[in-house]
Amino acid sequence: MKKVITYGTFDLLHHGHINLLRRAKELGDWLIVGVTTDNFDLERGKMNTIQNVVQRIEAVKATGYADQIVIEEYKGQKIDDIQRYGVDIFAIGSDWEGYFDYLKEYCEVVYLPRTEGISSTQLRCEGPSVNIGIIGTGSIASRVIPESKCVNSNCISAAYNPSEKECRAFSEKFDIPMAAKTPEELLDNCNAVYIASPHYTHYQYAKMALDAGKHVLCETPFVLETAQAEELYSIAQEKELVLMVAHKTAYCPAFLHLVSLLKSGVIGEIVEVNASVTTLTDESSDKLDSKRFGGSMNENACFPLLPIFKFLGTGWRNINFYSKMKRGVDMFTKAVFRYDSAVASFQIGLGVKTEGNMVISGTKGYAYVPAPWWRTDYFEIRYEDQNLNKKYFYPFVGEGLRYEIKEFVSKVISRDFGFFRLSKREILKMTEVQEQYLKGVNVFKL
Ligand code: CTP
């Protein structure tokens, strides 16, 4: 039996792909199709695929040409696959002419004619685009704009800041077509908003945007009260709108893989999670202003809460907070969570500095993520027998904001309101922890 293998992303499957698969199948008796994983595409800089790997695999399956589908996860896998599956012919479109000649050492390499006039890139450009209005024009908004340009199918159509002067300067600097004078004007000129205003204004803007039928990507921390979060989610659900929190760690490839690895049991049962996030901040900063809901808990708690919830869930028994206060805000807080069979803790600070790493301890080994763990690009799984230790490296491209933008844009376009990497429950629970702290429950001031 002659085995043929071919690879591709197969995003928005088109007749060029179908021709390629048919021709590849005609070369032999058994066709294996390698479909790239989302992470592998991200790693090789392909940020713009619209469909996820499951949707792309389903589309390839539906053509009826593939006898076997494998997922392509890493550079160099083609050689491994050819040997593992006993492949006779490697086939690929002629746009790759010469590129895969190194595989000739392992099997026959055939470049098949590429169908002219069609590509996934072209379809993505012709397809729907998300026009994003930005509310708040501070430092995070300035960082989001260049990142959004790395993601397909979106454009920044308007910006709003209560200070007209700042809004105009921001819009001119980033070539944004409209500096809106009011939030209503912004909402009239976009179909989605990115909220990057001070966090105590998030609820008001998010509600306004959802009421106006706009999808929302909201910076962290989301809102200050659980009831507000619940209300926003129910409006989004009722109106079929995407409501996503821009927690960049939750969408970066290394963190996602760390979660799936540890969930698969590589360090045994997880017994402890400890993570720290500290940034020394200027005392005059808004981040330390009690009237603006500043302080370490409000600013930073959502970061360590993410791994705690991902690894131990949200069913804690109690939480104790220990805070070093100054002028009415916590310069530093340590929190300890008691679960039935595990414990978690975090240290966060705006006026105290410590090592910003994360350690997740299990019954068989532990995961060590060096500082800054929240922009994860590398981690280690360590065991008693050091020979078994394993190091994992990932790209964290640019500021890492493009991962959440990509997720948001693709959810809006595919009208996918189902699965969220950072779930509604997790967000509600993050808000609940903040709320408990603001109410002073189990808060011990140092
Ligand atoms: N292909 C083809 N004819 C086209 C487009 C793609 O024969 N018009 C082939 C490619 O050469 C490759 C396979 O289909 O062998 C999968 O390609 P993929 O990169 O997934 O598709 P593109 O449309 O080229 O995607 P993009 O625009 O994102 O590069």
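Structure: see above.
Quick notes on the rules
- Residues numbered from 1 in each chain as written.
- Predicted model: local features only at pLDDT ≥ 70, side-chain atom pairs only at ≥ 80, totals over all residues.
- Heavy atoms only, no water.
- Pairing = 2+ DSSP bridges.
- Helix = DSSP H or I, 4+ residues; strand = E, 2+ residues; numbered from the N terminus.
- Axes fitted to C-alpha atoms, helices over the stretch in contact; angles between N-to-C directions.
- Contact = heavy atoms within 4.5 Å.
- Near = heavy atom within 4 Å.
- Polar contact = N/O pair within 3.5 Å; in protein donor to acceptor, adjacent residues only side chain to side chain.
- Areas by Shrake-Rupley, 256 points an atom, 1.4 Å probe, with all protein chains shown as cover.
- Expected span 1.5 Å × (residues − 1).
- Buried < 20%, exposed > 50% of the residue type's maximum accessible area, 1.4 Å probe, protein only.
- Arc of directions from axis to C-beta.
- Parallel < 35°, antiparallel > 145°, perpendicular 65-115°, else oblique.
- Left-handed = near helix turned anticlockwise from the far one by under 90°.
- Nonpolar A, V, L, I, M, F, W, Y, C, P; charged D, E, K, R; others polar.
- Core = buried A, V, L, I, M, F, W, Y, C linked by side-chain atoms within 4.5 Å.
- Salt bridge = Lys/Arg side-chain N within 4 Å of Asp/Glu carboxyl O.
- Patch = residues over 30% accessible without salt bridge, like charges linked within 9 Å, V, L, I, M, F, W, Y side chains within 5 Å.
- Phe/Tyr/Trp six-rings, centres within 6.5 Å; stacked < 30°, edge-to-face > 60°.

Visitor: Now, about the sheet that holds strand β7 (residues 154-160): what can you tell me, with residues and values included?
Guide: An order of β8-β7-β6-β9-β10-β11 is seen for the 6 strands of this open sheet, with the pairing classed as parallel. The open sheet terminates on both sides in strands that have one partner only, identified here as β8 (178-180) and β11 (243-246). The average angle at which neighbouring strand axes cross in this sheet is 25°, direction not considered. Strand direction decides the pairing type here: strand β10 (residues 215-219) and β11, joined by 4 bridges, are parallel. Among the inter-strand pairings, E219 is bridged to a residue of β11, identified as A246. Contacts between helix α7 (residues 164-173) and the sheet are confined to β7 and β8, with β8 contributing the most and set at about 165° to the helix.

Visitor: An account of the site of the ligand is needed here, citing residue identities and associated values.
Guide: Lining the immediate surroundings of the ligand are 18 residues, of which D95, T115, I118, S120 and T121 lie closest. One nitrogen or oxygen atom from the side chain of R114 is found 3.2 Å from an oxygen atom belonging to the ligand. At a separation of 2.6 Å, a nitrogen atom of the ligand approaches a polar backbone atom of I118. With the chains in place, 92% of the 570 Å² that the ligand exposes on its own is no longer accessible. Listed by contribution, the elements that provide at least two residues to the shell around the ligand are α1 (15-26), β4 (89-93) and α5 (120-126).

Visitor: Which residues make up α1, and what values do they have?
Guide: A rise of 1.5 Å per residue sets the reference length of α1, with its 12 residues, at 16 Å; its end C-alpha atoms lie 16 Å apart and thus fit the reference within 8%. Buried within α1 we find G16, H17, N19, L20, L21 and A24. Buried positions along α1 lie against β1 (3-8), β2 (30-36), α3 (53-63), β4, β5 (108-112) and α5.

Visitor: So, helix α9 (residues 202-211): which residues are in play, and what are the values?
Guide: Every buried residue belonging to α9 is among H202, Y205, A206, A209 and L210, and all of these are buried. Angularly, the buried residues of α9 cover 130° about the axis, an arc narrow enough to put them on a single face. At the exit of α9 stands G213, carrying a positive phi of roughly 80°.

Visitor: Tell me what's going on with the packing of helix α12 (residues 253-263) against helix α14 (residues 302-312), and back it up with residues and numbers.
Guide: Between α12 and α14, the shortest axis-to-axis distance is 10 Å and the interhelical angle comes to 30°. Accordingly, the angle class assigned to the pair α12 and α14 is roughly parallel. You can see that α12 and α14 cross each other, and the crossing is right-handed. Contacts between α12 and α14 involve F255, L258, V259, L262 and K263 on the former and, on the latter, L306, P307, K310 and F311. Partitioned by chemical class, the residues of the contact of α12 with α14 number 7 nonpolar, no polar and 2 charged.

Visitor: Lay out the nonpolar core in plain terms, naming residues and giving numbers.
Guide: In this structure, F222, L258, F337 and I360 are the most contacted members of the largest nonpolar core, which totals 109 residues. For this core, the element with the most residues is α14, which contributes 8 residues. Other than its neighbours up to four places away in sequence, L258 contacts F311, M358, I360, A367, V369 and F379. Listed in part, the 16 residues of the second largest apolar core include V4, V60, I89 and V110.

Visitor: Tell me about the pattern of salt bridges, and name the residues and values.
Guide: Summed over the entire model, instances satisfying the criterion amount to 27 salt bridges. K411 serves as the salt-bridge partner of D416, at 3.1 Å between the closest nitrogen and oxygen. On the basis of relative accessibility, which here comes to 4%, the residue K411 falls in the buried class. A single network of salt bridges, built from pairs that share partners, joins D38, D41 and R56.

Visitor: Kindly report on the side chain of H17, identifying the contributing residues and their values.
Guide: Among the secondary structure elements, H17 is positioned in helix α1. Setting aside chain neighbours within four positions, we find H17 in contact with F10, D11 and S120.

Visitor: Describe the sheet that holds strand β3 (residues 68-72), with residues and values.
Guide: Taken together, the 5 strands give an open sheet; going across it, the order is β3-β2-β1-β4-β5, and neighbouring strands pair in parallel fashion. In the strand order of this sheet, the two ends are held by β3 and β5, each with one partner. Pairs of neighbouring strands in the sheet enclose a mean axial angle of 25°, with direction left out of account. Bridge count for β4 against β5 is 5 bridges, and the pairing is parallel. Of the residues in β5, the one forming a bridge with I92 is Y111. α1 contacts β1, β2, β4 and β5 of the sheet and is inclined by roughly 140° relative to β2.

Visitor: Break down the packing of helix α6 (residues 139-148) against helix α15 (residues 401-414) for me, with residues and values.
Guide: Packing of α6 against α15 brings their axes to within 9 Å, and their N-to-C directions diverge by 70°. Considering their axes alone, α6 and α15 lie roughly perpendicular with respect to each other. Relative to α15, α6 is oriented so that their crossing is right-handed. From α6, I140, R143, V144, E147 and S148 reach across to α15, where they touch L401, R402 and I405. Considering only residue class, the contact of α6 with α15 consists of 4 nonpolar, 1 polar and 3 charged.

Visitor: Any chance you could break down a nonpolar patch on the surface for me, citing the residues and the numbers?
Guide: Judged by side-chain polarity, Y200, F293 and L438 come together as a nonpolar surface patch covering roughly 250 Å² of accessible area. Since its relative accessible area comes to 32%, Y200 is described here as partly exposed.

Visitor: Quick one: what's the story with the packing of aromatic side chains, residue by residue and with numbers?
Guide: According to the stated counting rule, one finds 19 aromatic pairs in the structure shown. Ring centres of Y7 and F90 lie 6.0 Å apart, and the angle between their planes is 35°; this geometry places the pair in the tilted category. Residue Y7 is located in strand β1, and its partner F90 is located in strand β4; the two are separated by 83 residues in the primary sequence. The burial state of Y7 is the same as that of F90; both residues are buried. Arranged with centres 5.1 Å apart and planes meeting at 55°, the rings of F90 and F100 form a pair that is tilted.

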